[in-house]
Amino acid sequence: MMIDFQLIERAREGDDAAFNQIVQAYRRKILGTIARLIGRPEDVEDVGQEVFLRLYYSLDQLRAPEVFEPWLYRLTVNAAYDYMRKQKRRMESRMADLSEQHVELADAAESGKRNHDDRQKAGLRELVQNLLSNVSEEDRILLTLKEVEGLSLKELEQVYSVKENALKVRLFRARQRVLKAFAREETVIKGAAKQ
Amino acid sequence: MQDDLDGRLDRLFHAYREACPDTDGSANFTPQLWARIEARRTPAPKWRRLTQGFVSAAAAMCLAMSLLLIVPITTSSAGPSYLEILDDEHETLAFADIEDDGDLNQ
C-alpha cells in the first residue's frame, strides 16, 4: 500500500484534503497504467481524471481499506475499457468520413512532425496495440495488466473477483492469439526487409 | 521455435512498457479533476430539491384526494340509506297490519 488506511477512512468521511493526498500518491502509477492500456498519450489525463472522479464518488462503497488498491485498479480497468469502446466507435465514424487518400496524408503529416526517437516509440506502441487488437478489449486489458504491468495472478484475482484458474485459461488463450499475430507480423517484416 | 517466439513477445512487452513510462501528467491534472468533481456535485442538490418538492406536492395531493373521498362517504353514512328507509317502511307496514288484525279480531 502506498498510503495508510486512516487516509482512506478520512477520504471516505468526506475529507477533501485526504482525497487529494490519495490522488497525489497514486496519480503517477495510474496514469502510467492507463497510458499502457489505451496506447494514446494524448488521452491519458482525461481517462485518469475519470478514474479519480469515479473513485471520489464510489469511496463509500469500498468494503474495507485493505482492498483499496484492487478497487482502484478495477476503476482504472473500467475507465480504460469505456474509453476503448468509445474510441473504437469514434475511429469507425471518422474513418468512414475520410477518404483513403486523406488518411494517408494525415498519417504522413503526423509522422513528419515527430523526431526519430518519438517515431521509434510510436512505432513500438503501434505494433503492440496492433497485436493486442487481435483479442477483445477485455482480454487486451487483462493481458496488458499481466504482461506489461506485471500484476500477479493473485492480484488479478482481486481486481476481477474471478477465480485464478478462469483467469489462467483466459490469459493463455489471449496470449496464443497475440503470439499468432506476432508470428504473422514478423513474417511480413522479414519479407519487407528482404525486398 | 515457439519458446523463441514467446521470449521475443515478452521482450516486446517489456520494450512497450519502457516506451510508455509512468508520468505525472500536467500541472492542471488536479485542478481539472476537482473542476470535474464540482461539476458533477453541483447539479445534485438542485435535482434533490426538485425531487423533494415533487414528492411533497404528490403527498399533499394524495392527502387532499383521500379527504375528498372520505368526506362524502362519512356524510352519506350519516343519513339512512335507501335500503334502510325501505326496511323501516316495511316494519311500519307490518306493525300496521298487526294493529289492523287486532282490530278485526275484536
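For the structure, check the block above.
Residues numbered from 1 in each chain as written. Chains lettered and ligands numbered in written order. Predicted model: local features only at pLDDT ≥ 70, side-chain atom pairs only at ≥ 80, totals over all residues. Heavy atoms only, no water.

(A) Structural detail: the overall build of chain B. Scanning chain B from N- to C-terminus turns up 4 helices and 0 strands. Overall, chain B shows an N-to-C arrangement of helices and strands of α-α-α-α. Per-residue burial for chain B yields a buried fraction of 12% across its 106 residues. Accessible surface computed for chain B: about 8500 Å², of which carbon and sulfur atoms make up 65%. (Helix = DSSP H or I, 4+ residues; strand = E, 2+ residues; numbered from the N terminus. Buried < 20%, exposed > 50% of the residue type's maximum accessible area, 1.4 Å probe, protein only. Areas by Shrake-Rupley, 256 points an atom, 1.4 Å probe, with all protein chains shown as cover.)

(B) Structural detail: the interface of chain A and chain B. In this assembly, 42 residues from chain A lie in contact with 29 residues from chain B. Both faces combined, the contact of chain A with chain B buries some 3600 Å², and carbon together with sulfur accounts for 59% of it. Linking Arg175 of chain A and Asp6 of chain B is a salt bridge whose minimum nitrogen-to-oxygen distance equals 2.9 Å. On inspection of chain A and its partner chain B, the count reaches 20 residue pairs in polar contact (both at pLDDT 80 or more). Put simply, the parts of the chain that give the side of chain A that touches chain B at least two residues each are helix H2 (16-38), helix H3 (44-58), helix H6 (116-132), helix H7 (137-148) and helix H9 (164-194) of chain A. (Contact = heavy atoms within 4.5 Å. Buried area = accessible area lost by both parts, 1.4 Å probe. Salt bridge = Lys/Arg side-chain N within 4 Å of Asp/Glu carboxyl O. Polar contact = N/O pair within 3.5 Å; in protein donor to acceptor, adjacent residues only side chain to side chain.)

(C) Summary view of the packing of aromatic side chains. Within this structure, the stated rule accounts for 6 aromatic pairs over all chains. Residues Tyr56 of chain A and Trp34 of chain B carry aromatic rings whose centres are separated by 5.6 Å and whose planes lie at 80 degrees to one another, so their mutual orientation is edge-to-face. Linking Tyr56 of chain A in helix H3 with Trp34 of chain B in helix H2 (residues 29-41), this pair reaches from one chain into another. Overall, Trp34 of chain B belongs to the buried group, its relative accessible area being 15%. Cluster of aromatic residues (ring-pair linked, three or more members): Phe19, Tyr56 and Tyr57 of chain A together with Trp34 of chain B. (Phe/Tyr/Trp six-rings, centres within 6.5 Å; stacked < 30°, edge-to-face > 60°.)

Remember that the coordinates give geometry; whether it matters functionally is a separate question.
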